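One letter stands for each residue in the lines below.
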Amino acid sequence: MLIGHQNIVDYLKKSVEKNAVSHAYLFSGPKSVGKSAVALEFAKTLLCPASRDLAKRDKKIVENCHWFCGECESCQAASNNSHPDMLIVKPDEGGVIAVSKIRDLRAKLNLSPYLGVYQAAIIEEAEKMNKEAANTLLKTLEEPRGDKIIILISSEPKSVLPTILSRVYNLKFNLVPADLIEKEIENAAAKSNLAASGIGRLSAEKKKEIARLCDGRPGLALAYFFDEEKSRNRQKRLEEFLKLISADNNERLRYAEILAKGGENIEEILGYWTDFFRDLMFFHLNFPEKIKSAVFQKELAVLSQKYPVEKAARLMRLISDVDFMVCRTNTSPQLALEVLVLAL
């Protein structure tokens, strides 16, 4: 499901029509903004024989914003994640793309396409390639072949090897307006007859709340729409956070230890903390429509005395630094989190 980014969609469609596809792309932009969704649609288009003759394709398919027929052997295989020419690389459980994965990708790219004229490789979270993996990919980018298309996806392009950046065409994805996200998800729910899942029963106020929560990121909006547990988990984590900032130092340090050793999604939790201080800043500046955690209005009013704008902004920067250290470096998660919780 594609929401927004029409300029990028149009550019990629035209590049396929004109047979002017680059050998390598970087889709860069915030997390959950739609980079992977566009990459998958683009890859399916490259692999679909009908996509290169768009003018003759069924009008209904074009109006539904698909770039491919959806019916041929290639499209069916791609939809089932079994296409031999669609190669997807993701970080391992440790959050790293090891050199073995890139070597395996290179070996597959040395083969001829099985079903069509292209092979399409998508590398998710490309900034998580270790140095050896990045250098191995660089060898492939230095020897471009017309039938091999590589798409790097990254929310942190500055962490990608500069020599790789110089060899890819960068398409920058921006945040999507909240009203467009709300409208498109309502349309999709109606077309897909998803009222039974609860989506169709959401009030207009709830839909606006979800659009506000996702902060311009369609992927996150979809997650909140389809997974009620995600909303409950967010509230639970914020309630824990409110207890934490009123706790003594011993309790704070115990919480940091539990968080570091408990297998929690630290990046997600720190994101909730950032959201809370962001809400505090908007509370101070009298922008209630921008506050994500409206359910905590009373708490925001009380804590606004403890956290003036400058302190809230400083803590947001500290959370961002700790997030980077914990998720992108070899820094001890417990040590970094201890520094953070004591500063709250």
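Structural data are supplied above this passage.
Keep in mind it's a predicted model, so treat the numbers as computed, not measured. (Residues numbered from 1 in each chain as written. Predicted model: local features only at pLDDT ≥ 70, side-chain atom pairs only at ≥ 80, totals over all residues. Heavy atoms only, no water.)

Colleague: Could you give me a rundown of the overall build of the protein chain, with the residues and numbers involved?
Modeller: Helix and strand content of the protein chain: 16 helices and five strands. If one aligns the C-alpha atoms of the protein chain with their principal axes, the spans along those axes are about 65 × 45 × 30 Å. The buried share of the protein chain, reckoned over its 344 residues, is 42%. Sequence separation of 24 or more characterises 73% of the internal contacts of the protein chain that already satisfy a separation of 6 or more. Working note: accessible area of the protein chain is about 17,800 Å², and carbon and sulfur atoms make up 51% of it. (Helix = DSSP H or I, 4+ residues; strand = E, 2+ residues; numbered from the N terminus. Buried < 20%, exposed > 50% of the residue type's maximum accessible area, 1.4 Å probe, protein only. Contact = heavy atoms within 4.5 Å. Areas by Shrake-Rupley, 256 points an atom, 1.4 Å probe, with all protein chains shown as cover.)

Colleague: Give me the lowdown on the side chain of Gln119, citing residues and values where you can.
Modeller: By secondary structure assignment, the location of Gln119 is in strand β3 (residues 119-123). Owing to a relative accessible area of 1%, Gln119 belongs among the buried residues under this scheme. Excluding its chain neighbours within four sequence positions, the residues that come into contact with Gln119 are Asp85, Leu87, Lys108, Leu109, Leu111, Ser112, Pro113, Asp147, Lys148 and Ile149.

Colleague: Please give an account of the nonpolar core that cites residues and values.
Modeller: Phe241, Leu270, Trp273, Phe276, Phe277, Tyr307 and Leu344 are the most contacted members of the largest nonpolar core, which has 46 residues in total. Considering each element in turn, this core owes the most residues, ten residues, to helix α13 (residues 266-284). Setting aside residues up to four positions removed in sequence, Phe241 forms contacts with Trp273, Phe276, Phe277 and Leu344. (Core = buried A, V, L, I, M, F, W, Y, C linked by side-chain atoms within 4.5 Å.)

Colleague: So what's going on with the packing of helix α12 (residues 249-261) against helix α16 (residues 333-343)? Residues and values would help.
Modeller: For the pair α12 and α16, interaxial distance at closest approach is 9 Å and the crossing angle is 145°. Relative to α16, the crossing made by α12 is right-handed. Of α16, the residues touching α12 (which contributes Asn249, Arg252, Leu253, Ala256, Glu257, Leu259, Ala260 and Lys261) are Pro333, Gln334, Leu337, Glu338, Val341 and Leu342. Residue composition of the contact of α12 with α16, grouped by class: eight nonpolar, two polar and four charged. (Axes fitted to C-alpha atoms, helices over the stretch in contact; angles between N-to-C directions. Left-handed = near helix turned anticlockwise from the far one by under 90°. Nonpolar A, V, L, I, M, F, W, Y, C, P; charged D, E, K, R; others polar.)

Colleague: Could you give me a rundown of helix α2 (residues 35-47), with the residues and numbers involved?
Modeller: An ideal rise of 1.5 Å per residue puts 18 Å on 13 residues; α2 measures up with 18 Å between its terminal C-alpha atoms. Among the 13 residues of α2, ten are classified as buried, and the element is accordingly described as predominantly covered. All of the buried residues in α2 are Lys35, Val38, Ala39, Glu41, Phe42, Ala43, Lys44, Thr45, Leu46 and Leu47. (Expected span 1.5 Å × (residues − 1).)

Colleague: Before we move on, can you summarise helix α11 (residues 228-244) with the specific residues and values?
Modeller: Taking 1.5 Å as the rise per residue, α11 with 17 residues should run 24 Å; its terminal C-alpha atoms sit 25 Å apart, in good agreement. Among the residues making up α11, those that are buried are Lys230, Asn233, Arg234, Arg237, Leu238, Phe241, Leu242 and Leu244.

Colleague: Got a sec to walk through the environment of Ala336? Specific residues and values, please.
Modeller: Position of Ala336 relative to the elements: it lies in helix α16. Under the relative-accessibility criterion, Ala336 is labelled buried at 4%. With 312 residues separating them in the primary sequence, Ala336 and Ala24 have C-alpha atoms 37 Å apart. If near-sequence neighbours (up to four positions away) are discounted, Ala336 is found in contact with Val322, Met325, Val326 and Thr331.

The analysis is restricted to geometry; functional conclusions fall outside its scope.
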